[in-house]
Amino acid sequence: MAGTAADSQYVWVNGKHLRYTEANVHVLSHSLHYGCAVFEGIRAYQTPEGNAAAFRLREHFERFFNSLKVLDYHTPFGVEDLIEATRSLIRANNFKQCYVRPIALIDDAVRGLELPKEPKASICIAAWYWGKYMGDEGQQKGIRVGVSSLRWPSASTTMPWAKVSGNYLLSVLARREAILNGYDEAILLDPEGYVAEGPGENIFMVKNKILLTPPATHVMPGITRDSIIRIARDLGYSVREENIIRNELYVADEIFFTGTAVEVTPIREVDHYTIGNGQPGPITCALLSRYFEAVRGERPEYLEWLTEV
Ligand code: PPE
């Protein structure tokens, strides 16, 4: 069972390992009321030596600190401390592979919208076993997605690079709408009608062997997105960051999502249009298998991305 004391013994809170059931938030948490919790999502995988290794841990915590900066949250901990904290937490929980969820919350004594000067953030890190985000079959055979009736906001409306909980109301609603409409996941367009991203995933398409992905201006600069761009170029493919329209998706050769949780997941249908021949395409499959080799420490050229636990 995911996310219970049964699969997660300890949560790291401000330097201490608390028991899962003791890691609680007060009902008056400002971060809870106004959607101002800052978070990250990281995965660790088992290496051929049998140890756990976290994928691009430093980059995730660098993004975490950039998200904290947007709210001016202050913490005595730095990137190095949180890297060590994550390693110790995974060890304490005895995970060989897991999902890691750092989250920053501020003091419950703060009432009303106004943030105090330099709010002191509590840093918590939880970990649990999380299987395939879109199910085993979804990753193997591809998923069916629908373009959402909701719009991804423009860069003037939100802080698109900040992983702040309030940004995720839209994601939760878009996912819900997609599921109710019989799809596995949503794709959101921006106010101009260009493809933005999934509720929790970046998107790529392939046309004539060239990879296209929306520029990370008003979308999340995903760490998996960055990894896939590097892997694709290493495999000799050209990647262009440019605007994509809905029509382009319908006639794409291949489409896939990237993200820590979703990893690389092929998309076989958009709005009931079959993509390619309805099977994961050859470039998607090549990137997917190279990505898994990289995260599991099976390729020397990407070992720099791993932090052994
Ligand atoms: N876009 C959004 C909106 C997003 O939330 C994520 C991560 C990404 C792109 C991909 O970013 P990266 O993980 O750095 O490649 N979404 C996280 C939360 C998913 C959830 O259901 O919770 C994740 O994948 O961990």
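Computed from a prediction, not measured in an experiment: that's the story for all the values here.

Quick notes on the rules
- Residues numbered from 1 in each chain as written.
- Predicted model: local features only at pLDDT ≥ 70, side-chain atom pairs only at ≥ 80, totals over all residues.
- Heavy atoms only, no water.
- Phe/Tyr/Trp six-rings, centres within 6.5 Å; stacked < 30°, edge-to-face > 60°.
- Helix = DSSP H or I, 4+ residues; strand = E, 2+ residues; numbered from the N terminus.
- Buried < 20%, exposed > 50% of the residue type's maximum accessible area, 1.4 Å probe, protein only.
- 1 Å grid on protein atoms, 1.4 Å probe; cavity = no way out; pocket = protein on both sides within 12 Å on 5 of 7 lines; lining within 4 Å.
- Points joined across faces, edges and corners; volume = space filled by probe spheres on them.
- Nonpolar A, V, L, I, M, F, W, Y, C, P; charged D, E, K, R; others polar.
- Near = heavy atom within 4 Å.
- Polar contact = N/O pair within 3.5 Å; in protein donor to acceptor, adjacent residues only side chain to side chain.
- Areas by Shrake-Rupley, 256 points an atom, 1.4 Å probe, with all protein chains shown as cover.
- Sits in = over half its atoms within 2 Å of the grid points.

**Q** A description of the packing of aromatic side chains should follow, citing residues and the corresponding values.
**A** Following the criterion strictly, the structure yields 14 aromatic pairs and no others. Summarising the aromatic geometry, the rings of Tyr99 and Trp128 are spaced 5.1 Å apart at their centres and angled 50° between planes, so their arrangement reads as tilted. With a gap of 29 residues between them, Tyr99 in strand β6 (residues 98–106) and Trp128 in strand β7 (residues 121–128) connect regions that are remote in the sequence. Considering the side-chain rings of Tyr99 and Trp130, the 4.6 Å spacing of their centres and the 80° angle between planes classify their relative orientation as edge-to-face. Taken together, the residues span a long stretch of sequence, with Tyr99 in strand β6 and Trp130 in the loop between β7 and α4 (135–141) at a distance of 31 residues. Accessibility expressed as a relative area gives 28% for Trp130, which makes it partly exposed. Among the aromatic side chains, those forming a connected cluster through ring pairs are Phe55, Tyr291, Phe292, Tyr302 and Trp305.

**Q** I'd love a proper account of the layout of surface pockets, names of residues and values included.
**A** Empty space within the largest pocket amounts to approximately 650 Å³. In terms of lining, the largest pocket is formed by 33 residues, of which the most central are Phe39, Lys163, Tyr168, Pro199 and Gly200. Elements with a minimum of two residues in the lining of the largest pocket: β6, α5 (168–180), α6 (223–234) and β14 (254–259). It is α5 that contributes the most residues to the lining of the largest pocket, five residues altogether. Split by residue class, the lining of the largest pocket holds 15 nonpolar, 12 polar and six charged. What the second largest pocket holds in volume is close to 490 Å³. Ala23, Asn24, Val25, Leu105 and Cys124 are the residues nearest the centre of the second largest pocket, which is lined by 25 residues in total.

**Q** Tell me about unusual backbone geometry, and please be specific about residues and values.
**A** The bulk of non-glycine residues show a negative phi, and the bulk of peptide bonds are trans. Even without being glycine, Arg56 reaches a positive phi, approximately 50°. Residue position: Arg56 is located in the loop between β5 (52–55) and α2 (57–70). Residue Arg56 is classed as buried on the basis of its relative accessible area, which comes to 7%.

**Q** Would you mind going over the site of the ligand in detail, with residue names and values included?
**A** Every one of the 21 residues lining the ligand counts as a neighbour, but Tyr99, Tyr133, Tyr168, Glu197 and Thr260 are closest to it. Arg63 places a side-chain nitrogen or oxygen 2.9 Å from an oxygen atom of the ligand. The side chain of Arg101 places a nitrogen or oxygen atom 3.0 Å from an oxygen atom of the ligand. Protein chains bury 92% of the 550 Å² of accessible surface belonging to the ligand in isolation. Of the pockets mapped on this structure, the ligand occupies the largest pocket. Of all the secondary-structure elements, those providing two or more residues to the shell around the ligand are β6 and α6. Among the residues forming the shell around the ligand, the class breakdown is nine nonpolar, seven polar and five charged.

**Q** If you had to explain empty space enclosed by the protein to someone new, which residues and values would you point to?
**A** Following the criterion strictly, the structure yields two cavities of 30 Å³ or more and no others. Looking at the largest cavity, it is lined by 13 residues, and the ones nearest its centre are Ile255, Ile267, Gln279, Pro280 and Gly281. Secondary-structure elements contributing two or more residues to the lining of the largest cavity are β14 and β15 (263–270). Of all the elements, β15 adds the most residues to the lining of the largest cavity, at three residues. In terms of residue class, the lining of the largest cavity is built from five nonpolar, four polar and four charged. Quantified by volume, the second largest cavity comes out at close to 40 Å³. Considering the residues around the second largest cavity, the lining is formed by Ile42, Arg43, Tyr45, Phe55, His60, Thr224, Thr260 and Tyr291. Of the residues forming the lining of the second largest cavity, the biggest block, three residues, is contributed by strand β4 (residues 42–46).

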